[in-house]
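Here are the chains, one letter per residue:
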Amino acid sequence: MNPRSRDSKPPKPSKPSRSERHGRRDNSGPSASLSALNAGSVTTEAISIVQAQALERRVAVLGAGSWGTTFAKVLAEGGAEVQMWARRPELAREVTETHRNTDYLPGINLPIGLTASPSIPAVLDGAEQIYVSVPSQTLRENLRDIRDLVPAGVPVVSLMKGVEKGTGLRMSQVIVEELGIDPALVAVASGPNLALEIAKRQPTAAVISSESLETATLVAATATNPYFHSFVNTDVIGTEFGGVLKNLIAVAIGIVDGVGYGENTKASIMTRGLAEMTSFAVSFGAQPSTMAGLAGLGDLIATCQSPLSRNNTAGRLLGQGYRYDDVVRQMNQTAEGLSSVAPILELARSRGVDMPIVAQVAEVLAGTLDPRDIAPHLTETGEPQGE
Ligand SMILES: NC(=O)C1=CN([C@@H]2O[C@H](COP(=O)(O)OP(=O)(O)OC[C@H]3O[C@@H](n4cnc5c(N)ncnc54)[C@H](O)[C@@H]3O)[C@@H](O)[C@H]2O)C=CC1
Ligand SMILES: O=C(CO)COP(=O)(O)O
């Protein structure tokens, strides 16, 4: 457990009632845009029932980008009181005052029970659970700013899908290292979770994984609502690597899409990609069944098929002939796959695992392989081999 003691806290100001916070008419905003939002989505009534029955749980979400904001909405619509940390004060003001985050989630009304602040101490004060959604490459520096502010004994949940360059560490490992907390308090969330679809309340599922089933269950109960169902497992390695590796295969799919290849090519890459993902993750101790579940196959399908995926989009630009630097300049959101390629290949080499598709993505990124030549090279040797 966390050896640090909990600071004594000032008494909390009296809170508005649950119905005031969530608002029985649900989201703010004009009714016209509300009904547009509710077209093809889980109903406001279903959410109100869950909110009314939920335990009062105060949670913090660090990162107000597309996934941090969407997950904060999921938690609030599951009945939690949610405070989100936003780097930019004007974004925090927009979320709290107008219930919008137009930069990341255009057209989405956020729940009244969701507020944001640029002050990390204010957001963490009294938090019973902490969810982290910042780019994987900045996580360590973000955590250094907060290590003395994390309340003792509180679960910390990674929503991220990358590995750290240089160390090759998974995000849960960086969290344990930087915060010095018991790994049993750390959980990860993964699955087919394209932010904008979820923000529109289109139903989906995820996996919450922790080496402690108790932690995973507590987090999953909080991160569940009528349109978002959280399953649990204790295979942190598989759940986390599933989210990282499918990004790399989605870049490959984007590349061949950009070139103009069709469904056979994409199905071959997805299928062989899953085989690559599984060999890699199992060599690090993951369960093969995790790779066949939501955090592996499920997320692979969603990310490879959707134009909403930033990794898929980055790949498509590469396939259309843009250079790596141009692609990075064009992406104004995090495409984790681009930074995970090198550390994943290094980790694969350390275990003697072949990753021919990921290796070719690295070559396209480096400009040493013509995107048109990626698809035929689905094996390392070109020799016939067992599937
Ligand atoms: N967007 C999606 O559909 C999903 C994203 N994820 C994962 O969530 C993580 C975060 O992704 P998004 O929220 O989509 O990214 P984003 O690019 O939309 O937002 C990143 C957030 O991190 C903040 N941030 C904090 N420190 C930063 C720094 N030093 N440099 C840059 N930004 C900093 C930004 O201000 C921003 O609020 C990634 O690991 C991604 O793979 C996982 C599931 C779904
Ligand atoms: O992880 C995701 C869907 O599950 C989001 O994928 P992108 O980061 O490629 O947008």
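Look up a bit, the structure's there.
Residues numbered from 1 in each chain as written. Chains lettered and ligands numbered in written order. Predicted model: local features only at pLDDT ≥ 70, side-chain atom pairs only at ≥ 80, totals over all residues. Heavy atoms only, no water.

Colleague: How should I be thinking about the sheet that holds strand S8 (residues 228-233) in this particular structure?
Modeller: In any sheet, the strands associate via hydrogen bonds between backbone groups, in a parallel or an antiparallel arrangement. One open sheet accounts for eight strands, arranged S3-S2-S1-S4-S5-S6-S7-S8; its pairing is mixed. In this open sheet, the two edge strands, each paired with only one partner strand, are strand S3 (114-117) and S8. Taking the axes of each pair of neighbouring strands and ignoring which way they run, one obtains an average angle of 25° across the sheet. Contacting strand S1 (58-62), strand S2 (81-85), S3, strand S4 (129-132), strand S6 (186-190) and S8, helix H4 (residues 66-76) runs over the sheet at an angle of about 170° to S2. (Pairing = 2+ DSSP bridges. Helix = DSSP H or I, 4+ residues; strand = E, 2+ residues; numbered from the N terminus. Axes fitted to C-alpha atoms, helices over the stretch in contact; angles between N-to-C directions. Contact = heavy atoms within 4.5 Å.)

Colleague: Just to check I follow, could you spell out the packing of helix H17 (residues 336-351) against helix H18 (residues 356-366) for this structure?
Modeller: Pairs of packed helices are described in terms of their axes, by the angle between the two and the distance that separates them. Their axes nearest at 10 Å, the elements H17 and H18 cross at an angle of 125°. For the element pair H17 / H18, the angle class is oblique. In this structure, H17 meets H18 at a crossing whose hand is left-handed. Every residue of H18 that contacts H17 at Leu338, Val341 and Leu345 is listed here: Val358, Ala359, Val361, Ala362 and Leu365. Partitioning the contact of H17 with H18 into residue classes produces eight nonpolar, no polar and no charged. (Parallel < 35°, antiparallel > 145°, perpendicular 65-115°, else oblique. Left-handed = near helix turned anticlockwise from the far one by under 90°. Nonpolar A, V, L, I, M, F, W, Y, C, P; charged D, E, K, R; others polar.)

Colleague: I keep staring at the packing of aromatic side chains and nothing clicks. Help me out?
Modeller: Two descriptors summarise a pair of aromatic rings, namely the distance from one centre to the other and the angle between the planes of the rings. A complete count under the given rule lists six aromatic pairs for this structure. Their ring planes at 35° and their centres at 5.5 Å tell us that Phe71 and Tyr131 sit as a pair that is tilted. Residue Phe71 is found in helix H4, and its partner Tyr131 is found in strand S4; the two are separated by 60 residues along the sequence. Side by side, Phe71 and Tyr131 carry an identical accessibility label, which is buried. Stacked on the ring of Phe241, the Lys or Arg Arg170 has its end atom at 5.6 Å from the ring centre. Its end group placed over the ring of Phe284, Arg351 keeps NZ or CZ at 4.2 Å from the ring centre. (Phe/Tyr/Trp six-rings, centres within 6.5 Å; stacked < 30°, edge-to-face > 60°. Buried < 20%, exposed > 50% of the residue type's maximum accessible area, 1.4 Å probe, protein only. Lys NZ or Arg CZ within 6 Å of the ring centre and 35° of its normal.)

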